[in-house]
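For reference, the chains in residue letters:
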Amino acid sequence: MLGSKAAVKASNDYHVQTYVRPEFVIARGEGMTIYDDEGHAYTDWVAGIAVNALGYGDPGVAAAITEQVNTGVLHTSNLYHTEPQSRLAQTLVEKSFADRVFFSNSGAEANEGALKFARRVAYDSGNHDKTGVVTFSEAFHGRTLAALSMTPKEKYQKPFKPLMDQVTVGEFNNVESAKACINDNTVAVILEPIQGEGGINVATDEFMVAVRQLCDQHKAILIYDEIQCGMGRTGTLWAYEQTPVAPDIMTIAKPLAAGLPIGAILCTETIAEHIHPGDHGSTFAGGPVVTRVADYVVGRISQPEFLEHVTEVGTYLMERLEEINSPHIVEIRGKGLMVGMQLNVPAAPIIQAGYEHGLLLVNAGTETVRFIPPLIAEKADVDALIEKLVSILESINV
Ligand SMILES: *Cc1c(COP(=O)(O)O)cnc(C)c1O
């Protein structure tokens, strides 16, 4: 076994250097806490970027994995039916606006597929100029080329051009801007009901309704990217449930299988009737292990008591953050357990100091600390967080 120093060195020596990481090595976890291989504990306010919704060591997740492993079947490809995959599709349809589901392996892949679905519908309409895509400022839709094209961030896009063309960037939460961008040549509009990476920005109802109406008016397909804000994070199973509108397609991923890789495209029958054998596919997607786990996870998270807990602890987190008296805090915003603390200083030193205080924290943009913990976080975890944050913020008070 590599000791921590050797594991960090091997990572630095052998990985393509796309990630900046702290100098400890994660060894195990329990509930809200992970431990490094030297036994230091860290309370996790990141959850593997909103993925580990049930925390660490959930017995139901372990049981679902074990049951499937014990069948001997880890993979079948999509050439064959499996019971866990069919059951998960049914569960997702029963618990959302959607009529049908397509599984993918990741968030970016779900967004790529959603865009293909939209193009397929436009193709059948006979209007082959209907190829424009509208995305919004500060959006994040993934790292693959089409998803990157819809992620309007100079630093991410510039070295990889040319990207997909005909992408227009509207201003998030600006109805006039949406009106100016969406027209008869728009095939799809993609929108996060609450932006994650972009800084925890909540779309207003007014904006959501206006975009929905513009899409109807111009026969554009409305895609909600709920990869980060979906699956109970905001206190309802889907973030859109707290708005007056619903999409035509919704992409989900991060917490769906509580840590195993999966994504999904949920859509209406009106979309699905245009997608035929051969139009899209994946070797691994929706395998029996991940889908068995995901069905368990959706069952747990969609329980009313579970969602009420998220709302209660999330509200408490926002209240306690509001109470912190620091000249560096500009705004607290978010919903449920998806909360941003906007600073007037860089977030990086606070995240760094968090490690020394036994906290895992993450930024969203350069000056926002983002709280996206396991959804099992308790008020006592919030209290412990606030105590540590206060002392971290005081240490940067000059
Ligand atoms: C993380 C994320 C993605 C990309 O998901 P990957 O699984 O990393 O490809 C897309 N959209 C949103 C809103 C995300 O938070």
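Here, the structure is the one placed above.
Below is a short write-up of the structure. (Residues numbered from 1 in each chain as written. Predicted model: local features only at pLDDT ≥ 70, side-chain atom pairs only at ≥ 80, totals over all residues. Heavy atoms only, no water.)

### A look at the overall build of the protein chain
Thinking step 1. Each helix and strand counted, the protein chain has 14 helices and 17 strands in total.
Thinking step 2. Computed over C-alpha atoms, the radius of gyration of the protein chain comes to 21 Å, within 12% of the 21 Å expected from 2.2 N^0.38 for 398 residues, which places it in the range of a compact globule.
Thinking step 3. The buried share of the protein chain, taken over its 398 residues, is 54%.
Thinking step 4. Of the contacts made within the protein chain by residues no fewer than 6 positions apart, 71% connect residues no fewer than 24 positions apart.
Thinking step 5. Accessible area of the protein chain: about 18100 Å², with a carbon and sulfur share of 53%. (Helix = DSSP H or I, 4+ residues; strand = E, 2+ residues; numbered from the N terminus. Rg over C-alpha atoms; globule rule 2.2 N^0.38 Å. Buried < 20%, exposed > 50% of the residue type's maximum accessible area, 1.4 Å probe, protein only. Contact = heavy atoms within 4.5 Å. Areas by Shrake-Rupley, 256 points an atom, 1.4 Å probe, with all protein chains shown as cover.)

### A look at the packing of helix 3 (residues 59–70) against helix 11 (residues 288–301)
Thinking step 1. Contact geometry of helix 3 with helix 11 gives a least axis separation of 9 Å together with a crossing angle of 145 degrees. As for how helix 3 packs across helix 11, the hand of that crossing is right-handed. Taking contact as the criterion, the partners of Gly60, Val61, Ala64, Ile65, Glu67 and Gln68 in helix 3 are, on helix 11, Pro288, Val289, Arg292, Val293 and Tyr296.
Thinking step 2. Looking at the contact of helix 3 with helix 11 residue by residue, the class counts come to 7 nonpolar, 2 polar and 2 charged. (Axes fitted to C-alpha atoms, helices over the stretch in contact; angles between N-to-C directions. Left-handed = near helix turned anticlockwise from the far one by under 90°. Nonpolar A, V, L, I, M, F, W, Y, C, P; charged D, E, K, R; others polar.)

### Examining the environment of Ala203
Thinking step 1. Within the fold, Ala203 resides in the loop between strand 9 (201–202) and helix 9 (205–217).
Thinking step 2. In this structure Ala203 comes out as buried when scored by relative accessible area, which is 7%.
Thinking step 3. Separated by 30 residues in the primary sequence, Ala203 and Asn173 have C-alpha atoms spaced 5.9 Å apart.
Thinking step 4. With near-sequence residues (within four places) excluded, Ala203 lies in contact with Phe172, Asn173, Glu192, Pro193 and Met208.

### Comments concerning the packing of helix 4 (residues 83–94) against helix 11
Relative placement of two packed helices is described by the angle separating their axes and the distance separating the axes.
Thinking step 1. Orientation of helix 4 relative to helix 11, taken along the N-to-C sense of each, is 35 degrees, at an axis distance of 8 Å. The crossing of helix 4 and helix 11 is left-handed. Contact residues: helix 4 offers Pro84, Gln85, Arg87, Leu88, Thr91 and Leu92, while helix 11 offers Pro288, Thr291, Arg292, Ala294, Asp295 and Val298.
Thinking step 2. Of the residues assigned to the contact of helix 4 with helix 11, the class counts are 6 nonpolar, 3 polar and 3 charged.

### Details of the packing of aromatic side chains
Thinking step 1. Applying the stated criterion to the full structure yields 9 aromatic pairs.
Thinking step 2. Look at Phe172 and Phe207: their rings are 5.7 Å apart centre to centre, the planes differ by 65 degrees, and that puts the pair in the edge-to-face class. Highlighted residues: Phe172 in the loop between strand 6 (167–170) and helix 8 (175–181) and Phe207 in helix 9, separated in sequence by 35 residues.
Thinking step 3. Measuring from ring centre to ring centre gives 6.4 Å for Tyr224 and Tyr240, while their planes differ by 45 degrees; the resulting arrangement is tilted. Here Tyr224 is found in strand 10 (residues 221–225), whereas its partner Tyr240 is found in the loop between strand 10 and strand 11 (249–252), with 16 residues between them in sequence. (Phe/Tyr/Trp six-rings, centres within 6.5 Å; stacked < 30°, edge-to-face > 60°.)

### Focus on the nonpolar core
Thinking step 1. Judged by nonpolar contacts, the single largest core of 96 residues is most densely connected at Trp45, Val211, Ile301, Leu321, Leu361 and Phe371.
Thinking step 2. Counting residues per element, this core draws most heavily on helix 12 (residues 304–323), at 8 residues.
Thinking step 3. If you count residues domain by domain, this core takes at least three from each of domain 1 (4–57 + 304–394) and domain 2 (73–301).
Thinking step 4. Beyond its immediate sequence surroundings of up to four residues, Leu321 is in contact with Ile329, Ile332, Val339, Met341, Phe371, Ile386 and Leu389.
Thinking step 5. Core analysis: the second largest hydrophobic core is formed by 20 residues, Ala114, Ala188, Ile190 and Cys267 among them. (Core = buried A, V, L, I, M, F, W, Y, C linked by side-chain atoms within 4.5 Å. Domains from an automatic or database assignment.)

### A closer look at the site of the ligand
Thinking step 1. Lining the immediate environment of the ligand, one finds Ser106, Gly107, Ala108, Asn111, Phe140, His141, Gly142, Glu192, Asp225, Ile227, Gln228 and Lys254.
Thinking step 2. Contacts to the ligand include Gly107, whose backbone N or O atom sits 2.8 Å from an oxygen atom.
Thinking step 3. Note that an oxygen atom of the ligand is positioned 2.8 Å from one of the side-chain N or O atoms of Gln228.
Thinking step 4. Against a free-state accessible area of 380 Å², the protein chains account for coverage of 81% of the ligand. (Near = heavy atom within 4 Å. Polar contact = N/O pair within 3.5 Å; in protein donor to acceptor, adjacent residues only side chain to side chain.)

### A short note on the pattern of salt bridges
Thinking step 1. In the structure shown here, the tally under the stated rule is 16 salt bridges.
Thinking step 2. The partner of Glu83 in a salt bridge is Arg87, and the shortest N-O contact between them spans 3.1 Å. Remark: Arg87 and Glu83 occur in helix 4; sequence separation between them is 4 residues, near one turn of the helix.
Thinking step 3. A salt bridge links Asp124 to Arg120, with the shortest nitrogen-to-oxygen separation between them at 2.6 Å. You can see Asp124 and its partner Arg120 sitting in helix 5 (residues 107–125), 4 residues apart, about one turn around the helix.
Thinking step 4. Members of the salt-bridge network, linked through shared partners, are Glu83, Arg87 and Asp295. (Salt bridge = Lys/Arg side-chain N within 4 Å of Asp/Glu carboxyl O.)

### Comments concerning the sheet that holds strand 4 (residues 100–104)
Thinking step 1. The strand order 4-12-11-10-7-5-6 describes an open sheet built from 7 strands, whose pairing is mixed. Each edge of the open sheet is held by one strand with a lone partner, namely strand 4 and strand 6. Across the sheet, the mean angle from the axis of one strand to that of its neighbour is 20 degrees, orientation sign disregarded.
Thinking step 2. Across 4 bridges, the pairing between strand 11 and strand 12 (residues 263–267) is antiparallel. (Pairing = 2+ DSSP bridges.)

### A word on the pairing of strand 13 (residues 329–335)
The two faces of the sheet receive side chains in turn, since in a regular strand these alternate between them.
Thinking step 1. As judged from the 6 bridges shared by strand 13 and strand 14 (residues 338–343), these two strands associate in the antiparallel manner. Across the sheet, the residue bridging to Arg333 is Gly340, located in strand 14.
Thinking step 2. Joining the antiparallel neighbours strand 13 and strand 14 is a turn of 2 residues, in which Gly336 adopts a positive phi near 55 degrees.

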